[in-house]
Amino acid sequence: MRGGLLAAAAITALLVSEAALADDLRQALVQTYRSNPTITGQRAQLRTLDEAVAVARAQGRPQLSGTLGVNQDLISTGRGNGRNFSAGVDLSYPLFNGGRTRNSIRAADERVLAGRANLRATEGDIFTEAVAAYNDVIRDRSIVTLNRNQVSVLETNLLASRDRFEVGDLTRTDVAQSEARLALAQSNLELAQGRLTASEENYRRVIGNAPGDLAPPPPLPPLPASAEQAVQIALANNPDLIAVSRQIRAAGLDVNVIGADRLPAVSGVGSSSYTNFLGTADDQFGGTGNRNSRTAAGVGVQARVPIYQGGLPGARIRQAQSRQSELLEQGVAVERSIVANTRAAFSNYRAAQEAIQSNEIAVAANSLALEGTRAEQTVGTRNVLDVLNAEQELLNSQVQLVTARRDAYVAGFQLLNAMGMAEAEDLNLDGGALYDPVANYNRVSRRASDWSQDANPVPVATRTVVQPVDTRPITATTPVTPPRQ
């Protein structure tokens, strides 16, 4: 269920409120949803699970085969060499196979449901990564701007210090301190620009295009008031936990599938054959007047009763049970991880919120302190180093404030993701129809044609290079181009 403390309307508010400011983030998430290769690859993996249902259903359908042959005897003792043309049709229909087909279909369906939950989890994880990348660019651009302003201020300070040194108002030490602080600020600016470049490239990797002018992200929806409430919502709705529970059910059904190997299998069979001796019937059978062709047809019931198979069924059943046991342990591990991640995200969000408040106070106080230090320097009660330190303190608090705002937003979104509420359905993306995994399941799961197949696949995800590498599957008609030397 998607209930809990957070109403669906509140979740939708993430990208609906303040539409004028939220369009950029919404479009970034729409672009991610459409073309991120991790999401599109997970969709393809889910389609393979859909086909597994069709494979399982095929076990319960009739099997029809035909044979054709032309034969010529080379050596025949006592009779003439004969030849013949033969054609036959064999039909087999499974009447009872110990529940193998039924349990195989049920196991395949459970894995489809697990795959859908994994797709939900992938969407949430990638959206969280996209939100982090979006906010990283905003943070690092702000830090670059702050450092650039700091460099500009220190350049002005250095010119003033040199002028005052020329008139004997400052010492060489004061000038050296100004020069050192400027060099350090320039170094910090270069490092900040390097981090910005890395953030922009990460944005391009996750979202698929280079970041433009990014608007501030919209407010997050109301979050739970306590970690316990968040954990309860996560345990009821986290798709990773849903996926592993479905895998556990499928593994239990696999045990029943393998258990069918110890039970009888009954099939209805039918066959029809035609043989033409091509004018050599008398030579082959002796005498004269033999018919030159024969036709036969028959139906029946066949049963295969296993008596002893060398211990193979038991070994395979124990193997399947061990796999089920492994998944049961994985379920506990996933549950632990969900609880830990939810509590950590809640704690990080609260800590970042408090850090924002503290840093806002620090920025205001450092701004006032810098203003006072500069005033006191003019009357001789403060020196150049005091002013430089005050400027650095203000910069540090501004950077910490920008970082805390980024951390709070990302931690809040991580909390939404841990609770299973950061997927496309929750975010109300305005980018066309959402991907419907049920549509492909309905399209393929009951297909019975041996000649039904889809067109050759092509990448859905967008590339980030001007000349993309050819990743088409190799076929008989694919031209092979040797690499450039």
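Below, the structure is looked at part by part. (Residues numbered from 1 in each chain as written. Predicted model: local features only at pLDDT ≥ 70, side-chain atom pairs only at ≥ 80, totals over all residues. Heavy atoms only, no water.)

What the 4 strands build is an open sheet, ordered E1-E2-E3-E4; its pairing is antiparallel. Among the strands making up the open sheet, the edge pair consists of strand E1 (63–72) and strand E4 (293–304). Averaged over all pairs of adjacent strands, the angle between their axes in this sheet comes to 15°, without regard to strand direction. Note that E1 and strand E2 (residues 83–96) share 10 bridges and pair antiparallel. (Pairing = 2+ DSSP bridges. Helix = DSSP H or I, 4+ residues; strand = E, 2+ residues; numbered from the N terminus. Axes fitted to C-alpha atoms, helices over the stretch in contact; angles between N-to-C directions.)

Pairing between E2 and strand E3 (residues 265–276): 11 bridges, direction antiparallel. The partner of Gly88 across the bridge, within E3, is Ser273. Across 12 bridges, E3 lies against E4 in antiparallel orientation. Among the inter-strand pairings, Ser273 is bridged to a residue of E4, identified as Ala296.

Membership of the largest hydrophobic core comes to 56 residues, with the highest contact counts inside it found for Leu29, Phe127, Tyr203, Phe413, Leu416, Met419 and Leu429. At the level of elements, helix H2 (19–35), helix H4 (100–166), helix H5 (172–207), helix H6 (227–237), helix H7 (239–259), helix H9 (312–378), helix H10 (384–418) and helix H11 (424–427) are the ones that each hand at least two residues to this core. With 12 residues, the single largest contributor to this core is H4. Ranked by size, the runner-up nonpolar core spans 10 residues in total, among them Ala352, Ile356, Ala390 and Ala404. (Core = buried A, V, L, I, M, F, W, Y, C linked by side-chain atoms within 4.5 Å. Buried < 20%, exposed > 50% of the residue type's maximum accessible area, 1.4 Å probe, protein only.)

All right, on to the environment of Gly194 then. Structurally, Gly194 can be placed in helix H5. Along the sequence, Gly194 and Val144 sit 50 residues apart, while their C-alpha atoms lie 9.5 Å from each other.

Moving on: the side chain of Ser397. With respect to the element layout, Ser397 can be found in helix H10. A residue is classified by how much of its surface remains accessible, and Ser397, at 3% relative accessible area, is buried. At 3.2 Å, the side chain of Ser397 forms a polar contact with the side chain of Asn366. Dropping the residues within four chain positions of it, Ser397 is found in contact with Asn359, Ala362, Val363 and Asn366. (Polar contact = N/O pair within 3.5 Å; in protein donor to acceptor, adjacent residues only side chain to side chain. Contact = heavy atoms within 4.5 Å.)

Moving on, we come to helix H3 (residues 37–58). With 22 residues, H3 extends 32 Å from end C-alpha to end C-alpha; this agrees with the ideal 32 Å at 1.5 Å per step. Among all positions of H3, only Ile39, Thr40, Gln42, Arg43, Leu46, Asp50, Val53, Ala54, Ala56 and Arg57 are buried. N-capping of H3 is provided by Asn36, with a side-chain oxygen placed 2.9 Å from the backbone N of Thr38. (Expected span 1.5 Å × (residues − 1).)

We now examine H4. Relative to the 99 Å expected for 67 residues at 1.5 Å per residue, H4 spans 96 Å between its end C-alpha atoms, a close match to the ideal helical length. Backbone geometry just downstream of H4 places Gly168 in the positive-phi region, at approximately 85°.

On to the packing of aromatic side chains. On inspection of all chains with the given rule, the structure shows 2 aromatic pairs. On the basis of an interplanar angle of 25° and a centroid distance of 6.2 Å, the ring pair of Tyr33 and Phe127 is categorised as stacked. Residue Tyr33 is located in helix H2, and its partner Phe127 is located in helix H4; the two are separated by 94 residues in the primary sequence. Here the two residues Tyr33 and Phe127 agree in accessibility, since each one is buried. Above the face of the Tyr33 ring, Arg43 is positioned so that its terminal group lies 4.7 Å from the ring centre. Between the NZ or CZ atom of Arg116 and the centre of the ring of Tyr441, over which it lies, the distance is 5.3 Å. (Phe/Tyr/Trp six-rings, centres within 6.5 Å; stacked < 30°, edge-to-face > 60°. Lys NZ or Arg CZ within 6 Å of the ring centre and 35° of its normal.)

Everything listed here is a matter of coordinates, which is why it stays silent on function.
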